[in-house]
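# Overview (structure and organization)
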Amino acid sequence: MSIRIRGSNAYGHLGWLTVYCRICNRKLIIGTDIIYKCPKCEKKYSAYFCEADKRGVKGKCPYCGTELVPVL
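Let us look at the structure shown here. Note that this is a predicted model, so its numbers are computed, not measured.

In this section: the overall build of the protein. On a plain count of helices and strands, the protein comes out with two helices and five strands. Counted from the first residue to the last, the protein has its helices and strands arranged as β-β-β-α-β-α-β. Counting only residues that meet the buried cut, the protein has 24% of its 72 residues in that class. Long-range contacts, defined here as pairs at least 24 residues apart, represent 38% of the contacts in the protein between residues at least 6 apart.

Within the fold, Phe 49 resides in strand 4 (residues 48–50). What makes Phe 49 buried here is its relative accessible area of 0%. Expressed as a C-alpha distance, the spacing of Phe 49 and Cys 24, which sit 25 residues apart in the sequence, is 8.4 Å. Each residue touching Phe 49, except ones within four places of it in the same chain, is listed here: Cys 21, Arg 22, Ile 23, Leu 28, Ile 34, Ile 35, Tyr 36, Pro 62, Tyr 63 and Leu 68.

Here we come to the sheet that holds strand 3 (residues 35–37). Working definition: the strands of a sheet are paired by backbone hydrogen bonds and lie parallel or antiparallel to each other. The sheet built from three strands is open, its strands ordered 4-3-5 with antiparallel pairing. Unpaired on one side and paired on the other, strand 4 and strand 5 (69–70) mark the two borders of the sheet. Pairing between strand 3 and strand 4: three bridges, direction antiparallel. What sits directly across from Ile 35, in strand 4, is Cys 50.

Tyr 36, Cys 38, Cys 41, Ala 47, Phe 49, Cys 61 and Leu 68 form the largest nonpolar core, which has seven residues in total. Apart from the residues within four sequence positions on either side, Ala 47 is in contact with Tyr 36, Lys 37, Cys 38, Cys 41 and Glu 42. By size, the runner-up hydrophobic cluster in this structure holds six residues, among which are Val 19, Leu 28, Ile 35 and Tyr 48.

What counts and what doesn't
Residues numbered from 1 in each chain as written. Predicted model: local features only at pLDDT ≥ 70, side-chain atom pairs only at ≥ 80, totals over all residues. Heavy atoms only, no water. Helix = DSSP H or I, 4+ residues; strand = E, 2+ residues; numbered from the N terminus. Buried < 20%, exposed > 50% of the residue type's maximum accessible area, 1.4 Å probe, protein only. Contact = heavy atoms within 4.5 Å. Pairing = 2+ DSSP bridges. Core = buried A, V, L, I, M, F, W, Y, C linked by side-chain atoms within 4.5 Å.

Don't take any of this as a statement about function, it's just geometry.
Below you can see the structure in the form of structure tokens.
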């Protein structure tokens, strides 16, 4: 008898790899979508941005003005 983990703890569940764009609240999947973050505000504001909103703020964080970097 093998035990299978189900739900949010299961391997491959997208809940572990999902963030939301801070401006438009679009769901972004790490590794699939192009995501940008502010290195200074990432923890404080959960500052992740989609590609379209990165262009809208001209590549600068709207909170502190730091250059946005891609999430790898």
